[in-house]
Amino acid sequence: MLQDRRVPHLDPHDPFAGVTIDPATMRKQYRSEGLAEGELAESPYEQFARWFIQAVESGMPEPNAMVVATADAAGRPSSRTVLLKSYDEHGFVFFTNYGSRKGRDLTANPYASLLFPWHALARQVIVTGVAERTGREETAAYFRTRPHGSQLGAWASAQSTVVGSREELDLRYAELAERYPQEQVPVPPGWGGYRVVPTEVEFWQGRENRLHDRLRYVREADGWRVERLCP
């Protein structure tokens, strides 16, 4: 519920000054259709493909957006949203600067979690596993598919490091654009992909009265075991 709590000493020109929203009052009743064990595909990759197609067809923006959670050597967590670039029976792939915070985390601690928050469908997919760097050939093949501006941006940004100003960042980009106006941009040596190889994949379907369906694939020596979790 939006509440106006403006007080005289606040900036009268700030449209949000003193206005608060109570998140405890925000409630949504989820769908009644559930997810049963008998409906699941044999592997989590096949099940993910089914749900991913439905997410794309629903028209939601960027269904390939996922939250990547990592932790450093001391166990301090961090998370950020990145874009899934490919997936198959070997894992889920994204690309980044290896010197970024997530890159440094994964060097010290390769365990990662991916979360696909498909709110429009009252669904989530949570992937837990180990991140492995992709080979340079695979990285280069993907890098060549990026728009020219994005290729330049990968060189211009020393991701997660402090920059003095926006102007400094724009200047780096402009210098690179002058150096590589049309020709193919080389792949930055410190930039590449990670493939998260899952040990667990959970499919979460929102249900009425917060009694959600949570079915989790767990990797075993000879395949996958499915178990149901309490919501």
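Provided above is the structure to which this section pertains.
Residues numbered from 1 in each chain as written. Predicted model: local features only at pLDDT ≥ 70, side-chain atom pairs only at ≥ 80, totals over all residues. Heavy atoms only, no water.

Draft legend 1. Spotlight on the overall build of the protein. When its secondary structure is counted, the protein shows five helices and 11 strands. Projecting the C-alpha coordinates of the protein onto the three principal axes gives extents of approximately 65 × 55 × 40 Å. The buried share of the protein, reckoned over its 231 residues, is 37%. Across the protein, every contact between residues at least 6 apart in sequence was considered, and the portion connecting residues at least 24 apart equals 61%. Considering the protein, the positive charge centre built from 28 side chains and the negative charge centre built from 31 side chains are found 3 Å apart. (Helix = DSSP H or I, 4+ residues; strand = E, 2+ residues; numbered from the N terminus. Buried < 20%, exposed > 50% of the residue type's maximum accessible area, 1.4 Å probe, protein only. Contact = heavy atoms within 4.5 Å. Lys, Arg positive; Asp, Glu negative; His and termini not counted. Charge placed at Lys NZ, Arg CZ, Asp CG, Glu CD.)

Draft legend 2. Quick peek at the environment of L115. The topology assignment puts L115 in strand β7 (residues 111-118). Measuring from C-alpha to C-alpha, the distance between L115 and V127 comes to 6.5 Å, with 12 residues separating the pair along the chain. Setting aside residues no more than four positions away along its own chain, L115 makes contact with A65, M66, V67, Q124, V125 and I126.

Draft legend 3. Geometry of the side chain of T134. Within the secondary structure, T134 sits in the loop between β8 (123-133) and α3 (136-143). Looking at T134, its side chain comes within polar contact range of the side chain of T139, at 2.9 Å. If we ignore the near neighbours within four places in the chain, the residues touching T134 are V93, F95, Y98, T139, G193, Y194 and R195. (Polar contact = N/O pair within 3.5 Å; in protein donor to acceptor, adjacent residues only side chain to side chain.)

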